[in-house]
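Structural description and commentary
What follows is the residue order along each chain.
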Amino acid sequence: MNHLATLLFLAWASFIRYLHPDDRGVMMVHASQSKGLPDLYEASISELQDGLEMGQFTSVDLVKAYFARILEVNHQGASLHAVIETNPQALEQAAALDLERKAKGTRSALHGIPILVKDNIATLHEEGMNTTAGSFALLGSMVPRDAGVAAKLRASGAIILAKASLSEWAHFRGGLPNGFSGRGGQALNPYFPQGDPGGSSSGSGISTAIGLAAGSLGTETDGSILSPSNRNNLVGIKPTVGLTSRAGVIPISSHQDTVGPICRSVADAAAILSVIAGPDPLDNFTLVQPQPVPDFSKALQKHALKGVRLGVPRLFQGSDMNIIAAFNASLEVMKELGATIVDPADFPDAQELMASQNETTVLSVDFKVDVNNYIAGLVEVPTGVKNLADLITFNNEHADLELIPPFYTSQSQFITSQATEVNASFFQALAADADLGRTRGIDGTLQKFKLDALLLPTSGFTSKPAAIAGYPVVTVPLGFQPDSVVPTPANPVIANAPGIPFGISFMGTAFSEFKLISYAFAYEQKTHNRLKRLAFPAAIPKTQLEDILGSNGD
């Protein structure tokens, strides 16, 4: 496994300038339309479903096409390291779903649609894929069952195509670059060579951005859906903690973990969330959610912003002037769509929240407890690890695989968590987070300014308030760094560079996903920001459905 990701940067030293964004968007749309088949770079779930229903192609064709696209750019070409492994039974499952479609019709909007899941989401061991959080320590481990969300995907007729790469242990091993894992190597952003992909759901973001699947699942504790969605020009939904099951998901924190979709459009994200949301007896947090579970696709209303009050917490906007300028322009769009913008609408406890270290205490304690419980629940672990202490030892004993110099040697968070215990300080920190994030945070701000939702740049101080509150956020594409930006040094990934995307977030109170999705959809449909710039040429796979149909002799 090649961990020298800097080689890719050298290989792309002669990288040609981007085409003009509008020209490239037009080129792609024209290419798609001229063939009469959806272009897999951007194809929506509904477009794919229409093609399947009309018999233009089959789910087997889709799986073959996505596998070919993964092969082109994952370890070859741009070497994005977006996918850790593919499902060896995907073609067989696709064939069965094709037959079922003909005999009985479809189960749901996801019937026969290939979806990626992050490598901390358990899938049936007998299917042939591992669930490892990117670590060799769990390679070959036998999970007792599908994760709750994976089981819901299967029941809907979706095909779990592959396991996406991630920041190892969902970025909770130590101070590592976004997108690195021992098993997956260094994942990279498709919008600039050697670019930072965000994390921890890095591979879910990369893969979805360039059409390696129809959509993906990520997980978030604090920023792990928002960050890769933000940096890969995508829609990400970080659900309320308790809307989607975490059973069978390798944990960080039972108090903050959540599972949500990362997609190319709000409609696709709503379709996936509608399937994976709902109670699960194996996750008590899901048993208190409002019933019935909404059909989030019904939130797709272009006029949803009319009469809505949106507040702007300026203290959380960040310091990037390119992003702030694009964000300010978006406020005018919101006004055109009928929204009232309350600006500023800062949190009453903003300074205290930004300075608080309570989250660090909660996550460090939770991780030790929750990961030990997860490992104890496995049927078999061939490496012999039984707990967090064993994980630390495993990494030390297999440093050539896990602690690779100069960039990937840290397991400082593991060591910190191992030293924790559940005590009064933990419960005090948990209570303080609820007060800071909810009572005097999101809820307090919404009530003070009589707001329907909060609006802020996804790159700002956005993920933490929602993380400690356990509240939802929806991010959608906002813009791209201009060509005048000077790339930052590769360390080993490049944090900022021309064309790096950024997003805008809608944040609300508990279980307000339906409203947030409607606002995000209205903005998305007005702006269509995603296709104003494409990934760099070598990161865009060339295989299309017509290539697969041609090889079939059709």
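Right above here is the structure, for reference.
Summary of the structure given here. All figures in this text were calculated on a predicted structure; none of them were measured in a lab. (Residues numbered from 1 in each chain as written. Predicted model: local features only at pLDDT ≥ 70, side-chain atom pairs only at ≥ 80, totals over all residues. Heavy atoms only, no water.)

What to know about empty space enclosed by the protein
Summed over all chains, the structure comprises one cavity of 30 Å³ or more. Together, Asn-120, Ala-170, Thr-219, Glu-220, Thr-221, Val-249, Ile-250, Pro-251, Ile-252, Asp-257 and Thr-258 line the largest cavity. (1 Å grid on protein atoms, 1.4 Å probe; cavity = no way out; pocket = protein on both sides within 12 Å on 5 of 7 lines; lining within 4 Å. Points joined across faces, edges and corners; volume = space filled by probe spheres on them.)

Some remarks on the pattern of salt bridges
In this structure the tally under the stated criterion is 16 salt bridges. Here Arg-440 ties to Glu-352 by a salt bridge, and the two come within 3.0 Å at their closest N and O atoms. Highlighted residues: Arg-440 in helix H17 (residues 424-448) and Glu-352 in helix H12 (residues 350-355), separated in sequence by 88 residues. On the basis of relative accessible area, Arg-440 is assigned to the partly exposed category, the value being 32%. For Glu-352, a relative accessible area of 42% translates into the label partly exposed. A salt bridge links Asp-435 to Arg-440; its shortest N-O distance comes to 2.9 Å. Three or more residues joined by partner-sharing salt bridges are found here, namely Glu-85, Asp-119 and Arg-183. (Salt bridge = Lys/Arg side-chain N within 4 Å of Asp/Glu carboxyl O. Helix = DSSP H or I, 4+ residues; strand = E, 2+ residues; numbered from the N terminus. Buried < 20%, exposed > 50% of the residue type's maximum accessible area, 1.4 Å probe, protein only.)

Regarding the side chain of Glu-168
Note on placement: Glu-168 falls in helix H7 (residues 168-171). Overall, Glu-168 belongs to the buried group, its relative accessible area being 1%. Of note is the side chain of Glu-168, whose polar atom sits 3.2 Å from the side chain of Arg-173. The contact partners of Glu-168, leaving out residues within four places of it in the chain, are Ala-133, Gly-134, Ser-135, Arg-173, Phe-180, Ser-181, Gly-182 and Glu-402. (Polar contact = N/O pair within 3.5 Å; in protein donor to acceptor, adjacent residues only side chain to side chain. Contact = heavy atoms within 4.5 Å.)

Description of the environment of Arg-107
Topologically, Arg-107 is positioned in the loop between helix H5 (90-104) and strand S2 (114-118). A relative accessible area of 42% places Arg-107 in the partly exposed class. Along the chain, Arg-107 and Ala-466 lie 359 residues apart, while their C-alpha atoms are 34 Å from each other. A polar atom in the side chain of Arg-107 sits 2.7 Å from the side chain of Glu-100.

Here's the deal with the packing of aromatic side chains
Pairs of aromatic rings are described using the distance from one ring centre to the other and the angle between the two planes. In total, this model carries 10 aromatic pairs according to the counting rule given. When the centroid spacing of 5.6 Å and the interplanar angle of 25 degrees are considered together, the rings of Phe-367 and Phe-414 count as stacked. Within this pair, whereas Phe-367 is found in helix H13 (residues 358-376), its partner Phe-414 is found in helix H16 (residues 412-418), the two being separated by 47 residues in sequence. The residues Phe-367 and Phe-414 share a single accessibility class, namely buried. (Phe/Tyr/Trp six-rings, centres within 6.5 Å; stacked < 30°, edge-to-face > 60°.)

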